[in-house]
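Structural features, examined
Read off the chains here:
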Amino acid sequence: MGLIRTQEETGRHVRMLTHEIRSTLDRHTILKTTLVELGRTLALEECALWMPTRTGLELQLSYTLRQQNPVGYTVPIHLPVINQVFSSNRALKISPNSPVARMRPLAGKHMPGEVVAVRVPLLHLSNFQINDWPELSTKRYALMVLMLPSDSARQWHVHELELVEVVADQVAVALSHAAILEESMRARDLLMEQNIALDLARREAETAIRARNDFLAVMNHEMRTPMHAIIALSSLLQETELTPEQRLMVETILKSSHLLATLINDVLDLSRLEDGSLQLEIATFNLHSVFREVHNLIKPVASVKKLSVSLNLAADLPVQAVGDEKRLMQIVLNVVGNAVKFSKEGSISITAFVAKSESLRDFRAPEFFPAQSDNHFYLRVQVKDSGSGINPQDIPKLFTKFAQTQSLATRNSGGSGLGLAICKRFVNLMEGHIWIESEGPGKGCTAIFIVKLGFAERSNESKLPFVTKVQANHVQTNFPGLKVLVMDDNGVSRSVTKGLLVHLGCDVTTVSSIDEFLHVISQEHKVVFMDVCMPGIDGYELAVRIHEKFTKRHERPVLVALTGNIDKMTKENCMRVGMDGVILKPVSVDKMRSVLSELLEHRVLFEAM
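Residues numbered from 1 in each chain as written. Predicted model: local features only at pLDDT ≥ 70, side-chain atom pairs only at ≥ 80, totals over all residues. Heavy atoms only, no water.

Judged by how many residues are buried, strand S14 (residues 483–487) sits mostly within the fold: 4 of 5 residues are covered. Where S14 and strand S15 (residues 507–511) come together, 5 bridges link them in parallel fashion. If you follow Val486 over to S15, its bridge partner there is Thr510. Once you follow S14 into helix H10 (residues 491–503) and on to S15, the crossover reads as right-handed. Pairing between S14 and strand S16 (residues 527–530): 4 bridges, direction parallel. What sits directly across from Val486, in S16, is Phe529. (Buried < 20%, exposed > 50% of the residue type's maximum accessible area, 1.4 Å probe, protein only. Helix = DSSP H or I, 4+ residues; strand = E, 2+ residues; numbered from the N terminus. Pairing = 2+ DSSP bridges. Right-handed = clockwise from strand over helix to strand, strands pointing away.)

Okay, here's the thing in structure tokens:
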């Protein structure tokens, strides 16, 4: 009966100790609680825990019950007494004189109490990498040492040793759980730090993108305004009586101005391409007309260099296609323009046809995966020139921004600028591929690109409200007495626009403010040109007020935004408030003539971006 009572008491103590030990998942609390509860349950004089150091070569006194010995004292881990305890899973009696048992000074005491030691398994803590715990490549143990009171006849009983062994195992389990928790908390804190850093980086990137876009929008408007004056006045000057030398100078000014305007467009297109904000404008268009227009545009430039330009459209090439007409024309014009630019003599051929499936795959572009379908086809365009050619190793550089290769430099050119870099991005947007072939300097080049277009007759796509370019034979040459109102805050731009309209016979009134505009406008004005991006003036709100003032459509003038900023948002806002058109500065006299002719005939003209 005494043995049964003893076992029941031991079991009760084990349950109590287990509950106390595992009531927390903090490593230091677990160990301290273990020593305190064991000391109280077993009436110990001292209880201590020796932990292996990070090197694993020593045991360090880490926790004591009475705290009379300095924590941090170390002993070699390979002492015979330590090896003896670590090699057994039982609580063993050890000599009170062993290094790990000398935890208290024996002042005035002659007989030290009995001491037992037991190992505490450290369960795979190397997986958790707790900051100040040893790096354990093999199974390691901590050492728990328990001392009975000195100068007493008390001895360790079997049930007490069993209790110590059970508690040591419970401590090991609790420590492993604490290690998992510590590591998860550390991982959580690290993740939170990374998330904070990523969020900060994202905000900084968004701020930089907004700053860049704001800068480009301002520069776009500010650069187009003087360009408008240069091109408009040069085109007006070109229609006056000039000497051959003066006419050559004016034509040179106009060509240089158009090149600069193209560069402005390229820079803005590239910025929108890089931030992903540029989207294709899908509409039905005349595919053959695109090539004929490019041919007509390039022939005068080529004739000056005595280059022959031939155009070959395959018989099976659809006349109507679905895609972005402006971007396709920009690609073709850039590629053909490069051929003319780098050819001093000879010929240039432009060939367009529907690519067959066997000619679509290209080992140089593993990322290009064309897929045939009944709803679309792949247009293949080849532009071959007899120009100065290029080293094959320099070809990839042609598609980078402002590339300057050695073979290009020998041709006295300024490099490839932005043209081909933008073409490549446009082609990618059209799910296509572009490349250049050349056998070397002096052997000419062949530029080839493939783009995906839709079949017009098989598409449900409804054409967007963008009017096709005006045919030359439909353009009026003069508009005598046509009353036009121009609102622009820039005095030079206002005067230049008025000069273009007056040259075409219009009766023009100019204003620079909303109050003046609302005071002057009347039913007599047939067309209104207004800059919707003026600082301090909401041009969209003004358009709404004009609609409210002239409720009947036939009484309301044609409202056209003449602006230096024609991004997608500007165009959508103009359409939203009921404006009839958007025209991008700069405007030449020929362009203004076409614009007025189209507006009077259709009452709508939105330029593509």
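What follows deals with a nonpolar patch on the surface. Side chains of Phe215, Met219 and Met223 sit close together on the surface and give an oily, nonpolar patch of about 260 Å² of accessible area. In this structure, Met219 sits in helix H4 (residues 158–238). A relative accessible area of 30% means that Met219 is categorised as partly exposed. (Patch = residues over 30% accessible without salt bridge, like charges linked within 9 Å, V, L, I, M, F, W, Y side chains within 5 Å. Areas by Shrake-Rupley, 256 points an atom, 1.4 Å probe, with all protein chains shown as cover. Salt bridge = Lys/Arg side-chain N within 4 Å of Asp/Glu carboxyl O.)

Time to look at the sheet that holds strand S2 (residues 58–64). Through backbone hydrogen bonds, the strands of a sheet pair up, either in parallel or in antiparallel fashion. Within the open sheet, the 6 strands sit side by side as S3-S2-S1-S6-S5-S4. Their pairing is antiparallel. One side of each edge strand has no neighbouring strand; the edge strands of this open sheet are strand S3 (74–76) and strand S4 (92–94). When the angles between neighbouring strand axes are averaged without regard to direction, this sheet yields 35°. Contacts from helix H2 (residues 27–42) reach strand S1 (46–52), S2 and strand S6 (140–147) within the one sheet, and its direction differs from that of S2 by about 70°. H4 rests against strand S5 (115–122) and S6 of the sheet, and its axis sits at about 25° to S5. (Axes fitted to C-alpha atoms, helices over the stretch in contact; angles between N-to-C directions. Contact = heavy atoms within 4.5 Å.)

Take the packing of H4 against H10 next. Where H4 meets H10, the closest approach of the two axes is 9 Å, and the angle between their N-to-C directions is 30°. Classed by the angle they form, the pair H4 and H10 counts as roughly parallel. Judged by the twist between their axes, the crossing of H4 over H10 is left-handed. Every residue of H10 that contacts H4 at Thr225, His228, Ala229, Ala232, Leu233, Ser235 and Leu236 is listed here: Val492, Ser493, Val496, Thr497, Gly499, Leu500 and His503. Looking at the contact of H4 with H10, its residues break down into 7 nonpolar, 7 polar and no charged. (Parallel < 35°, antiparallel > 145°, perpendicular 65-115°, else oblique. Left-handed = near helix turned anticlockwise from the far one by under 90°. Nonpolar A, V, L, I, M, F, W, Y, C, P; charged D, E, K, R; others polar.)

Attention now moves to the UniProt feature "modified residue: 4-aspartylphosphate" (unreviewed entry) in the protein chain. Here, UniProt's "modified residue: 4-aspartylphosphate" (unreviewed entry) annotation points to Asp531. With respect to the element layout, Asp531 can be found in the loop between S16 and helix H12 (539–549). The buried category is assigned to Asp531, whose relative accessible area is 1%. Ignoring any residue separated from it by four or fewer positions in sequence, one finds Asp531 in contact with His221, Met487, Asp488, Leu562, Thr563 and Lys585. (UniProt positions renumbered as here; feature names shortened; annotations may be inferred.)

Moving on, we come to H10. An ideal rise of 1.5 Å per residue puts 18 Å on 13 residues; H10 measures up with 18 Å between its terminal C-alpha atoms. Inspection of H10 places Ser493, Arg494, Val496, Thr497, Leu500 and Leu501 among the buried residues, and these make up the whole buried set. The arc that holds the buried residues of H10, viewed along the axis, is 165°, so those residues lie on one side. Facing away from the buried side of H10 by over 90 degrees, the exposed positions are Val492 and Ser495. Where H10 is buried, its residues touch H4, S14, S15, S16, strand S17 (558–563) and helix H14 (589–602). (Expected span 1.5 Å × (residues − 1). Arc of directions from axis to C-beta.)

Take the environment of Trp435 next. With respect to the helices, strands and loops of the structure, Trp435 is situated in strand S12 (residues 433–437). Between the C-alpha atoms of Trp435 and Ile395, which are 40 residues apart in sequence, the distance is 8.4 Å. At 3.1 Å, the side chain of Trp435 and the side chain of Glu437 are in polar contact. (Polar contact = N/O pair within 3.5 Å; in protein donor to acceptor, adjacent residues only side chain to side chain.)

Okay, the pattern of salt bridges next. Scanning the model with the defined rule gives 16 salt bridges in all. For Lys356, the salt bridge is made with Asp316, and the minimal N-O distance between the two is 3.4 Å. Pair noted here: Lys356 is in the loop between strand S10 (347–354) and strand S11 (376–385) and Asp316 is in the loop between strand S8 (308–313) and strand S9 (320–323), with a separation of 40 residues, a long-range link. Here Asp590 makes a salt bridge to Arg593, at a shortest N to O gap of 2.9 Å. On the criterion of helical spacing, the pair formed by Asp590 and Arg593 is a turn pair, its members being 3 residues apart in helix H14.

Another point: the side chain of Thr446. Relative to the assigned elements, Thr446 resides in strand S13 (residues 445–455). For Thr446, a relative accessible area of 13% gives the class buried. Not counting chain neighbours up to four residues away, the residues in contact with Thr446 comprise Val383, Lys384, Trp435, Ile436 and Glu437.

Residues Leu287, Leu328, Leu379 and Phe449 are the most contacted members of the largest nonpolar core, which totals 45 residues. Listed by contribution, the elements that provide at least two residues to this core are helix H6 (287–304), helix H7 (325–341), S10, S11, helix H9 (419–429), S12 and S13. Ranked by residue count, the leading element in this core is H7, at 8 residues. For Leu328, the contacting residues outside a window of four places in its chain are Phe285, Leu287, Leu379, Met430, Phe449, Val451 and Leu453. Counting residues in each nonpolar core, the second largest holds 31 residues, with Leu44, Val164, Ala172 and Ala178 among its members. (Core = buried A, V, L, I, M, F, W, Y, C linked by side-chain atoms within 4.5 Å.)

Note: most peptide bonds trans; most residues except glycine with negative phi. Here Lys585 and Pro586 are connected by a cis peptide whose omega angle stands at 0°. With respect to the helices and strands, the residue Pro586 is situated in the loop between strand S18 (581–584) and H14. At Ala43, a residue that is not glycine, the phi angle is positive and equals roughly 55°. Note that Ala43 resides in the loop between H2 and S1. Residue classification places Ala43 among the partly exposed residues on the basis of a relative accessible area of 42%. The phi dihedral of Glu431 falls on the positive side, at around 60°, and the residue is not glycine. Within the secondary structure, Glu431 is located in the loop between H9 and S12.

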